[in-house]
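So you can see what is in the structure, the chains are spelled out below.
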Amino acid sequence: MSRNGCLLCAPLVAESVDEMLSQMRVAKKNGADVVELRVDYIQGFAPEMDLPRLIRGRVLPVIVTYRPKWEGGNFEGDEVFRVKALRKAISLGADFVDVELQVAAEFLECSTPERKDSSSRVVVSNHNYKMTPSLGEIGSLIARIQSIGADVVKIVTTAEKVTDVARVFHAVVHSQVPTIALVMGPKGLISRLLAPKFGGFLTFGALGVGQESAPGQPTLLQLTQMYRVDRMDRDTKVFGIVGNPVGHSKGPIIHNAAFQEIGYNAVYVPYLVDDMREFLEVYSGSDFSGFSVTIPFKEDALRCCDEVDPIAQAIGAVNTIIRRDGKLIGYNTDCEAAISAIEDALRGRSTSLRL
């Protein structure tokens, strides 16, 4: 388990039991703490036969999820059949069982006999595929799920803007129960990368590209090797690159490797931003220590800074922002880098001419 208490979960979306068992072994090898068995992906899933194989054959703790179509999953059959399968998972000793909020109260009541003799924990989940509610609405949702009797609260929303994620971070920090809170889509990626810092109970990493169970899910190896989420804690400083688009940037690869090399407790993440000023106003806490700025925000960044280095002021653009004593200080390192590259090239040419 990670030193920060946030579990790293690999969702398994195989179409057969044998493949899912094989994926479980790969997940363990790649650093997962737990796996989610998305049994709604299994073709011809037969709970009485397949659940014992999956649960008794596990090499990691498991979350059994049988997600219906109406909550974004694949199961379209009889609801009684689905609930019976989840109760079966509890009786077999699954570590966690995921149940949707819409049916959770009834499920918790009818599964009392199974839960009485089981150590299984029930995750009550709610997915919003359209937007991220207000902070007050998120807080009320968490309280509602908790009141039903959930062992673990899970809320998943959709990011319309990267600033939506801040509300989810705030809710998790103040939650009194184990809470999984994630935001789907490219603009919600930081909710997954920074979950350990803000006290999330769990974050998901796919086994590989194309094996995601939700939009915007990073891979397991990205989480462990690039972002080192297993080493993150509440004191981790956050840096990142602000742009639109930003997914192509090599910044996270370079900077996170550098942080690891010097032993600095920090992480560097991509921010897919629409409005520079709004972004800086929302992520104004001291934990968000600095930003690289790329297209199309370098001129906007200059206008958003409290102080600007004279060189950046003369150029009319900022590509680096540092938070110092509560102020945003803007710099431009492009100029120096470009001149150095030209000087290095000229030196090389001069040497070759002498030879």
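How each quantity is defined
- Residues numbered from 1 in each chain as written.
- Predicted model: local features only at pLDDT ≥ 70, side-chain atom pairs only at ≥ 80, totals over all residues.
- Heavy atoms only, no water.
- Helix = DSSP H or I, 4+ residues; strand = E, 2+ residues; numbered from the N terminus.
- Buried < 20%, exposed > 50% of the residue type's maximum accessible area, 1.4 Å probe, protein only.
- Contact = heavy atoms within 4.5 Å.
- Areas by Shrake-Rupley, 256 points an atom, 1.4 Å probe, with all protein chains shown as cover.
- Lys, Arg positive; Asp, Glu negative; His and termini not counted.
- Charge placed at Lys NZ, Arg CZ, Asp CG, Glu CD.
- Pairing = 2+ DSSP bridges.
- Axes fitted to C-alpha atoms, helices over the stretch in contact; angles between N-to-C directions.
- Salt bridge = Lys/Arg side-chain N within 4 Å of Asp/Glu carboxyl O.
- Core = buried A, V, L, I, M, F, W, Y, C linked by side-chain atoms within 4.5 Å.
- Parallel < 35°, antiparallel > 145°, perpendicular 65-115°, else oblique.
- Left-handed = near helix turned anticlockwise from the far one by under 90°.
- Nonpolar A, V, L, I, M, F, W, Y, C, P; charged D, E, K, R; others polar.
- Phe/Tyr/Trp six-rings, centres within 6.5 Å; stacked < 30°, edge-to-face > 60°.

A few points about the overall build of the chain
And then number 1: For the chain, the helix and strand inventory stands at 14 helices and 14 strands.
And then number 2: Dimensions of the chain along its principal axes, counting C-alpha atoms only, are 80 × 55 × 35 Å.
And then number 3: For the chain, the proportion of its 355 residues judged to be buried stands at 52%.
And then number 4: Across the chain, contacts joining residues at least 24 apart in sequence account for 71% of those joining residues at least 6 apart.
And then number 5: Accessible surface, the chain: about 16500 Å² in total, of which carbon and sulfur atoms supply 52%.
And then number 6: For the chain, the distance from the average site of its 39 positive side-chain charges to the average site of its 43 negative ones is 3 Å.

As for the sheet that holds strand E4 (residues 96-100)
And then number 1: The sheet built from eight strands is open, its strands ordered E7-E6-E5-E4-E3-E2-E1-E8 with parallel pairing. Each edge of the open sheet carries a strand with a single partner, namely strand E7 (179-184) and strand E8 (202-204). Taking each pair of neighbouring strands and ignoring which way they run, the sheet shows an average axis angle of 25 degrees.
And then number 2: Looking at chain direction, E4 and strand E5 (residues 121-127) are connected through five bridges and run parallel. Among the inter-strand pairings, Glu 100 is bridged to a residue of E5, identified as Ser 125.
And then number 3: The sheet contacts of helix H4 (residues 101-110) involve E4 and E5, and relative to E4 the element is tilted by about 120 degrees.
And then number 4: Sitting on the sheet, helix H7 (residues 164-173) touches strand E6 (152-158) and E7, and the angle it makes with E7 is about 180 degrees.

Describing the pattern of salt bridges
And then number 1: If you walk through the whole model with that rule in mind, you get 19 salt bridges.
And then number 2: With a closest N to O distance of 3.2 Å, Arg 58 and Asp 95 form a salt bridge. One end of the pair, Arg 58, is in the loop between helix H2 (47-56) and strand E3 (62-65); the other, Asp 95, is in the loop between helix H3 (79-91) and E4, with 37 residues separating them in the sequence.
And then number 3: Here Asp 95 falls in the partly exposed class, since its relative accessible area comes to 23%.
And then number 4: One network of salt bridges, with partners in common, ties together Arg 67, Glu 79, Arg 82, Asp 98, Glu 100 and Lys 154.

Points about the nonpolar core
And then number 1: Ranked by size, the top nonpolar core spans 90 residues in total, and within it Leu 37, Leu 194, Tyr 271 and Ile 321 carry the most contacts.
And then number 2: Here this core gets six residues from one element, more than from any other, and that element is H7.
And then number 3: Discounting residues that sit within four places of it in the chain, Tyr 271 has contacts with Val 162, Ile 190, Val 238, Phe 239, Gly 240, Ile 241, Val 242, Gly 243, Val 246, Phe 279, Phe 288 and Phe 291.
And then number 4: By size, the runner-up hydrophobic cluster in this structure holds 12 residues, among which are Leu 7, Val 34, Ile 63 and Val 152.

Comments concerning the sheet that holds strand E13 (residues 320-324)
And then number 1: Taken together, the six strands give an open sheet; going across it, the order is E10-E9-E11-E13-E14-E12, and neighbouring strands pair in mixed fashion. Two strands in the sheet have a free side with no partner beyond their single neighbour: strand E10 (266-272) and strand E12 (307-308).

Description of the packing of H3 against H4
And then number 1: The contact between H3 and H4 brings their axes to 11 Å, and the two run at 55 degrees. On the basis of their axis angle, the class for H3 and H4 is oblique. As for the relative orientation of H3 and H4, their crossing is right-handed in sense. Residues Glu 79, Arg 82, Val 83, Leu 86, Arg 87 and Ile 90 of H3 touch H4, and the partners they reach there are Val 103, Phe 107 and Cys 110.
And then number 2: Its residues assigned to classes, the contact of H3 with H4 shows six nonpolar, no polar and three charged.

Some details on the packing of aromatic side chains
And then number 1: For the structure shown, the criterion picks out 15 aromatic pairs.
And then number 2: Arranged with centres 4.7 Å apart and planes meeting at 55 degrees, the rings of Tyr 66 and Phe 75 form a pair that is tilted.
And then number 3: On the accessibility criterion, Tyr 66 (4% relative accessible area) is buried.
And then number 4: A ring pair is formed by Phe 259 and Tyr 264, whose centres lie 5.7 Å apart and whose planes are at 70 degrees; its orientation type is edge-to-face.
And then number 5: The class of Tyr 264 is partly exposed, set by a relative accessible area of 35%.

Re the packing of H4 against helix H6 (residues 135-148)
And then number 1: Contact pair H4 / H6: the axes reach a minimum separation of 10 Å and the direction vectors enclose 20 degrees. The orientation of H4 with respect to H6, classified from their angle, is roughly parallel. In the crossing of H4 with H6, the sense of the turn from one axis to the other is left-handed. The residues of H6 that touch H4, namely those facing Leu 101, Ala 104, Ala 105 and Leu 108, are Leu 141, Arg 144, Ile 145 and Ile 148.

Examining the pairing of E10
And then number 1: With respect to burial, E10 is a largely interior element, seven of its seven residues being buried.
And then number 2: Where burial is concerned, the two faces of E10 agree: the one with Ala 266, Tyr 268, Pro 270 and Leu 272 and the one with Val 267, Val 269 and Tyr 271 are both buried.
And then number 3: Looking at chain direction, strand E9 (residues 237-243) and E10 are connected through seven bridges and run parallel. Pairing of Lys 237 across the sheet is with Ala 266, part of E10.

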